[in-house]
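These are the residues of each chain, in order.
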Amino acid sequence: MLATQLALLDEVEPGIEEALDLVGGFDDGFTHGFARLGEQPRAALAALADALAVTPLGDRVRVAVEKVVAGSLADEHLSVLAGGRTALLGAVHDALLARLDTALGRSRAGWEAAAPADPAPSAPDNVLAGCRSWLRELAIAGWRGVDHDLVAASAQTLDAALAVPSLRRLAVLLDGLAAELRGCCPVATMDRLPARRWADLWARALLLAQPGGSPDAPAAATVVSGRLLPLGADVHEHGTAIQVQVHGVLEPAGGAPPRLVRASVSAAKVETIVGPAVWRLLAGHPVLLGALAQRRALEITDLPLLPGGDLLWRDDQARPAEPADPFATARLRLPEAIASAAPPLDRHPVRIAEPVLLENYSAAVDDRGGLVLELDGKSLPVDVSRLPACAPLTPELVARSSACLGLLRWDAGRWLLQPLAVRYALKRATAEAHTGDWALGPTDPKVVKAEAKSGDAVAVLRERAGRLLRR
């Protein structure tokens, strides 16, 4: 990226701050519950209706606001409000992404609705109604009114939703929200609330809980073959789950233009499995992990590709190919790769994660104490909090680097860079560190020695689990 491109990112699209203020007003009203709306939350809902007046949702949002202010909290009215809030965030997402594509000179495919397919098995209406009922109770009570009893009321509904394969996305989302709320109970005693995050989860869940609103079946996927050139791995680690999302450039067979794609693999875990040991949980994907650790290209055959750019990964339909330097891929193929449009429900600012390559910069510390990369008088903050503990990539190496391959994200009103790989000086030579370097096990002798001393937590837990199952 050049300094002129960074300058373009510094410009704020008109209307973004105003749209986020509207969302913030909705979230503030939700905090204390829609059953007892004060003057300020009423004004915030009215402002939301005014902002959406010229959109296709305008009339329905206005009616929903009038009903909610009057004390009628029906499912249909709350669903419309969730849709209006989601639409506002989608507009912010589109404006930010358009600015980013302009700065990068990146081409992006338009979104095309999937062609009508054979109807999927419908989810039981009573299960969907149960999910909406619990979400309505949350809206009535507000986050400050959430207690153990309200969270416990979700248990039966969650069990029913988890038993329906077509509702898996909704069920996992609700399960996660309930777990967060349970861990914070009683919420009334908390000093600060993650109101934006919880409202995001609530709104998405309510939309997925509509009849036909949880399209988990990959009916819209197309089958692709060709060469996949990995750029880097974004590791998402939670106390009970691990996901590795590989960003790469796909060179389709037949000579079609290259495309930006993602391939994700995940596994359940326990909190005691941390650091490099988490890679062992993904041992069922040796081809993908080998490509990351050995920096190789992959030949894929007939893999499903969703319209949003996600490959449905199947390790047995891929094989290792020749070595492929991610920095060379980013320099030569990334500028011409076509990005995919975001699916409608994924249009949210926090979902923006675009691969970029920065070179010939200097690292410095800004007035906030954070690390920034400076290029010709322009600076880009680095989000070192996203560096995974299961990789050799550290803030110190980023500070010493001269080239960085990472993901551009937007958070708290500014653009941030999440490093996936860096090139840095090592004595009189150069070295590289990538987030996927330890996918087949750590290569640092100190880390290997520490792991040998502490033991293999994954093997121990599997042995204990097997012993319990044999009883």
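Just so it is clear, the structure is predicted and the values come from calculations on it, not from any experiment.

Another aspect to go through is the overall build of the protein. Helix and strand counts for the protein come out as 15 helices and 13 strands. Relative to the compact-globule value of 23 Å for 471 residues, the protein shows a C-alpha radius of gyration of 24 Å, a close match. Each of the three principal axes of the protein carries a C-alpha extent, and together these read 70 × 65 × 50 Å. Counting the 471 residues in the protein, one finds 47% classified as buried. Taking the contacts inside the protein whose residues are at least 6 apart along the sequence as the reference set, 69% of them involve residues at least 24 apart. Of the roughly 22700 Å² of accessible surface on the protein, a fraction of 54% belongs to carbon and sulfur atoms. Each charge sign in the protein was given a centre, from 49 positive and 56 negative side chains, and these centres are 6 Å apart.

Read from one edge to the other, the open sheet built from 4 strands follows the order 7-11-12-13, with strand pairing classed as antiparallel. The open sheet has two edge strands, strand 7 (354-359) and strand 13 (429-434), and neither has a second partner. The sheet shows a mean angle of 30° between the axes of neighbouring strands, direction not considered. Pairing of strand 7 with strand 11 (residues 401-411), which is carried by 6 bridges, proceeds in the antiparallel orientation. Paired with E354 across the bridge in strand 11 is L408.

Below, the discussion takes up the pairing of strand 8 (residues 362-365). Remark: a regular strand shows side chains that alternate across the two faces of the sheet. Direction of pairing for strand 8 relative to strand 9 (residues 371-375): antiparallel, over a ladder of 4 bridges. When the sheet's bridge partners are listed, S362 is paired in strand 9 with E374. Hairpin connection of strand 8 to strand 9: 5 residues between the antiparallel strands, including G369 at a positive phi of 85°.

Before going further, it helps to spend a moment on the nonpolar core. Core analysis: the biggest nonpolar cluster contains 87 residues, and L138 and W202 have the highest contact counts within it. With 12 residues, the top contributor of residues to this core is helix 5 (residues 75-104). Not counting residues within four places of it along the chain, the set of residues in contact with W202 comprises F26, F30, L78, A82, L135, L138, A139, W143 and L177. In this structure, L281, L289, W313 and V458 belong to the second largest nonpolar core, which totals 34 residues.

A rise of 1.5 Å per residue sets the reference length of helix 6 (residues 125-141), with its 17 residues, at 24 Å; its end C-alpha atoms lie 24 Å apart and thus fit the reference within 8%. All of the buried residues in helix 6 are V127, L128, G130, C131, R132, W134, L135, L138, A139 and A141. Those residues of helix 6 hidden inside the fold are in contact with helix 2 (16-32), helix 5, helix 7 (148-152), helix 8 (155-162), helix 9 (168-184) and helix 10 (195-208). Among the residues trailing helix 6, G142 stands out with phi positive, at a value near 75°.

Before going further, it helps to spend a moment on the sheet that holds strand 10 (residues 378-381). Taken in spatial order, the 3 strands make up an open sheet running 8-9-10, and their pairing is antiparallel. The sheet is open, and its two borders are formed by strand 8 and strand 10, each paired with just one other strand. When strand polarity is set aside, the average angle formed by the axes of neighbouring strands in this sheet is 35°. Pairing between strand 9 and strand 10: 4 bridges, direction antiparallel. Looking across to strand 10, one finds that E374 is bridged to S379.

Tracing the sequence through the fold places H434 in strand 13. For H434, the residues in contact, after removing those within four places along its chain, are R295, P326, F327, A391, P392, L420 and A421.

A few words now on the packing of aromatic side chains. Taken as a whole, this structure holds 7 aromatic pairs when the rule is applied. Plain terms: the ring middles of F26 and F34 are 5.5 Å apart, the flat faces sit at 70° to each other, and that makes the pair edge-to-face. The burial state of F26 is the same as that of F34; both residues are buried. Relative to W202, the ring of F30 lies with its centre 4.8 Å away and its plane at 70°, an arrangement referred to as edge-to-face. One end of the pair, F30, is in helix 2; the other, W202, is in helix 10, and 172 residues separate them in sequence. Through a chain of ring-to-ring contacts, three or more aromatic side chains come together here, namely F26, F30, F34, W143, W198 and W202. The ring of F327 has R423 lying over it, and the distance from NZ or CZ to the ring centre is 4.4 Å.

Conventions used here
Within every chain, residues take consecutive numbers counted from 1 along the sequence as written. For this predicted model, a pLDDT threshold of at least 70 governs which residues receive local features, and a threshold of 80 or more governs which side-chain atom pairs are given and counted, while totals over whole chains, interfaces and linings are taken from all residues. Calculated side-chain values reflect all of the structure's heavy atoms, with hydrogen atoms and water omitted. By the criteria applied, helices consist of DSSP H or I runs no shorter than four residues and strands consist of E runs no shorter than two, each listed in order from the N terminus. Computation of the radius of gyration draws on C-alpha atoms, with the globule rule given as 2.2 Å multiplied by the number of residues to the power 0.38. The rule is simple: take the accessible area with a 1.4 Å probe, protein chains only, and divide by the maximum for that residue type; under 20% is buried, over 50% is exposed, in between is partly exposed. Contact between two residues is taken to exist if any of their heavy atoms lie within 4.5 Å; hydrogens are not considered. For the accessible areas, the method is Shrake-Rupley and the probe is 1.4 Å, while residue cover comes only from the protein chains on display. In this charge count, Lys and Arg are treated as positive and Asp and Glu as negative; neither His nor the chain ends contribute. By convention, charge coordinates are those of NZ in Lys, CZ in Arg, CG in Asp, or CD in Glu. What makes two strands pair is DSSP finding at least two bridges between them. An axis is simply a line fitted to the C-alpha atoms; with a helix, the fit covers only the stretch in contact. Between two such axes, the angle follows the N-to-C directions and lies from 0 to 180 degrees. In plain words, nonpolar cores are sets of buried Ala, Val, Leu, Ile, Met, Phe, Trp, Tyr and Cys residues tied together by side-chain atoms within 4.5 Å. Multiplying 1.5 Å by the helix residue count minus one yields the expected span of that helix. Classification of ring pairs rests on two measures: the distance between centres of Phe, Tyr or Trp rings, Trp counted by its six-membered ring, which must be within 6.5 Å, and the angle between planes, read as stacked under 30 degrees, edge-to-face over 60 and tilted in between. Cation placement over rings: the criterion is NZ of Lys or CZ of Arg within 6 Å of the ring centroid and within 35° of the ring normal.

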